[in-house]
Amino acid sequence: VTPLFAGAGAPVMVLHDADGFLTQLTRMLERSREKGAVYVTMKRYAGIEGKRGEPVDPADCRCLVRAVLGSTKASTMVAAKDHRRFMKSYANIMKVSLDSLKKKERRRGGEKKKAGAA
């Protein structure tokens, strides 16, 4: 676990190993059942060579995964060789945790607006 600090010294994002990140993600999803939303982003990370525009071997690239719930943030870097195992574990966590989603309520007022505008 590596905290990344902002200017004021407060931890902004915590870089976990893959298993620690999945544990934190599970905790965030449990906390978000009553209130809140968890945002997960995945981004290709090629290191300093990728920023310079130099060619990078795909086997050397990593995947930066971030999760945010309110002010709680967690992240991890997944190597290409560990990607399949990580994604299987991630998919299982999401399948278990997404059962509490609510169906979006549709408004019937949209039809009235169209009729009134014509």
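Here, the structure is the one placed above.
Residues numbered from 1 in each chain as written. Predicted model: local features only at pLDDT ≥ 70, side-chain atom pairs only at ≥ 80, totals over all residues. Heavy atoms only, no water.

1. Overview of the overall build of the protein chain
And step 1. Helices and strands together make up the secondary structure of the protein chain, namely 4 helices and 5 strands.
And step 2. The N-to-C order of helical and strand elements in the protein chain reads β-β-α-β-α-β-β-α-α.
And step 3. Each of the 118 residues in the protein chain was classed as buried or not, and the buried ones make up 24%.
And step 4. Residue pairs at least 24 apart in sequence account for 52% of intrachain contacts in the protein chain once pairs closer than 6 positions are excluded. (Helix = DSSP H or I, 4+ residues; strand = E, 2+ residues; numbered from the N terminus. Buried < 20%, exposed > 50% of the residue type's maximum accessible area, 1.4 Å probe, protein only. Contact = heavy atoms within 4.5 Å.)

2. Thoughts on the packing of aromatic side chains
Each pair of aromatic rings is reported with the distance of its centres and the angle of its planes.
And step 1. Under the defined criterion, the tally for this structure stands at 2 aromatic pairs.
And step 2. Ring geometry for phenylalanine 21 against phenylalanine 86: centres 6.2 Å apart, planes inclined by 35°, an arrangement best described as tilted. One end of the pair, phenylalanine 21, is in helix α1 (residues 18–31); the other, phenylalanine 86, is in helix α3 (residues 83–97), and 65 residues separate them in sequence.
And step 3. Take phenylalanine 21: its relative accessible area is 0%, and that puts it in the buried class. (Phe/Tyr/Trp six-rings, centres within 6.5 Å; stacked < 30°, edge-to-face > 60°.)

3. Examining the environment of methionine 28
And step 1. Residue placement: methionine 28 occurs in helix α1.
And step 2. In sequence terms methionine 28 and alanine 74 are 46 residues apart; their C-alpha atoms lie 9.6 Å from each other.
And step 3. Each residue touching methionine 28, except ones within four places of it in the same chain, is listed here: Val38, Ala67, Val68, Leu69, Thr72, Lys73 and Ala74.

4. Focus: the nonpolar core
And step 1. Grouped together as the largest cluster of nonpolar side chains are 16 residues, with contacts concentrated most on Phe21, Leu22, Leu25, Val65, Phe86 and Tyr90.
And step 2. Looking at this core, the elements with two or more residues in it are α1, β4 (62–69), β5 (72–79) and α3.
And step 3. Looking at this core element by element, the count peaks at 6 residues for α1.
And step 4. Excluding residues within four positions of it along the chain, tyrosine 90 makes contact with Leu22, Leu25, Val40 and Met42. (Core = buried A, V, L, I, M, F, W, Y, C linked by side-chain atoms within 4.5 Å.)

5. Describing the packing of α1 against α3
And step 1. Running from amino to carboxyl end, α1 crosses α3 at an angle of 10°, the nearest separation of the two axes being 11 Å. Our classification of the angle between α1 and α3 gives roughly parallel. Here Ala18, Asp19, Phe21, Leu22, Leu25, Thr26 and Leu29 of α1 come into contact with α3, specifically with Arg85, Phe86, Ser89, Tyr90, Ile93, Met94 and Ser97.
And step 2. Its residues assigned to classes, the contact of α1 with α3 comprises 9 nonpolar, 3 polar and 2 charged. (Axes fitted to C-alpha atoms, helices over the stretch in contact; angles between N-to-C directions. Parallel < 35°, antiparallel > 145°, perpendicular 65-115°, else oblique. Nonpolar A, V, L, I, M, F, W, Y, C, P; charged D, E, K, R; others polar.)

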